[in-house]
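What the coordinates show
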Amino acid sequence: PKKTGRKGSNIVNAFKAIPAKPTPVDDFAKKNGVSVAVLRQSKRFDKSGEPGRVHVKKDKESKTLMIWRDAN
C-alpha cells in the first residue's frame, strides 16, 4: 500500500525542541515549521519519546499562548 500522511520529520523535531520554560507558541511554531494546531494536539502527534507532558496554555498576564514541557 502507498504511504500516506505528512512526509519528513518537522513534527518530531519540533516536539523534541519544546523547552521547559514557557515560550510563545506562535514564534516556536514558525521557527520549527509546524502549525499551532499540531502543537496543541500533543497526545496525537508527540512521537518524540521525550519525558513529560506538553502544555499549550494562555498566559494570564500577557494574554499570549505559551508552550512548555513538564519535567515529569
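Structure: see above.
Only a predicted model underlies this, so the values are computations on that prediction, with no experimental measurement involved.

Right, let's talk about the overall build of the chain for a bit. If you tally the helices and strands in the chain, you get four helices and three strands. The N-to-C order of helical and strand elements in the chain reads α-β-α-α-α-β-β. Principal axes of the C-alpha set define a box for the chain whose edges measure 50 × 25 × 15 Å. Per-residue burial over the chain gives 29% buried out of 72 residues. Within the chain, contacts between residues separated by at least 24 positions form 44% of all contacts whose residues are at least 6 apart in sequence. For the chain, the distance from the average site of its 18 positive side-chain charges to the average site of its 7 negative ones is 9 Å.

A few words now on the pattern of salt bridges. Here the idea is simple: oppositely charged side chains can pair when their charged atoms come close. For the coordinates displayed, the defined rule picks out one salt bridge. Measuring nitrogen to oxygen at the nearest pair gives 3.3 Å for the salt bridge that ties R69 to D46. In this pair, R69 sits in strand β3 (residues 65–69) while D46 sits in the loop between α4 (42–45) and β2 (54–58), placing the two residues 23 residues apart along the sequence.

Three or more residues of helix α2 (residues 25–32) are buried, namely V25, F28, A29 and N32. Projected onto a plane normal to the axis of α2, the buried residues spread over an arc of 95 degrees and lie on a single side. Opposite the packed face of α2, turned more than 90 degrees from it, sit the exposed residues D26, D27, K30 and K31. As for α2, its buried residues are in contact with α1 (10–16), β1 (23–24), α3 (36–40), β2 and β3.

One non-glycine residue, K63, lies in positive phi territory at about 60 degrees. We classify K63 as exposed; its relative accessible area is 59%.

Mapped onto the secondary structure, D27 falls in helix α2. For D27 and P51, which are 24 residues apart along the polypeptide, the C-alpha to C-alpha distance reads 23 Å.

Take the pairing of β3 next. With four of five residues buried, β3 is to be regarded as a mostly interior element. One ladder, built from two bridges, connects β1 with β3; its direction is antiparallel. If you follow P24 over to β3, its bridge partner there is M66. Where β2 lies against β3, five bridges are found, and the strand directions are antiparallel. Looking at β3, one finds that V54 is bridged to R69. Hairpin remark: β2 followed by β3, antiparallel, with six residues in the connecting loop; positive phi at K63, about 60 degrees.

Thresholds applied
Here the residue index of a chain counts from 1 through its sequence in written order. pLDDT decides what is reported in this predicted model: residues at 70 or higher carry local features, side-chain atom pairs at 80 or more are listed and counted, and totals for whole chains, interfaces and linings draw on all residues regardless. To get the side-chain values, all heavy atoms of the structure are used, and hydrogens and water are removed first. What counts as a helix is a DSSP run of H or I of at least four residues, what counts as a strand is a run of E of at least two, and both are numbered from the N terminus. Here the term buried applies to any residue with accessible area under 20% of the maximum for its type, exposed to any over 50%, and partly exposed to those in between, with areas from a 1.4 Å probe on protein chains only. Contacts: residue pairs with any heavy atoms within 4.5 Å of one another. Positive: Lys, Arg. Negative: Asp, Glu. His and the chain ends are not part of the count. A charge is said to be at NZ when it belongs to Lys, at CZ for Arg, at CG for Asp and at CD for Glu. The working definition used for a salt bridge is a side-chain nitrogen of Lys or Arg within 4 Å of a carboxyl oxygen of Asp or Glu. To be clear, the arc concerns the directions from the helix axis to the C-beta atoms. When DSSP finds two or more bridges between a pair of strands, those strands are recorded as paired.

The quantities given are spatial measurements derived from coordinates; they are silent on function.
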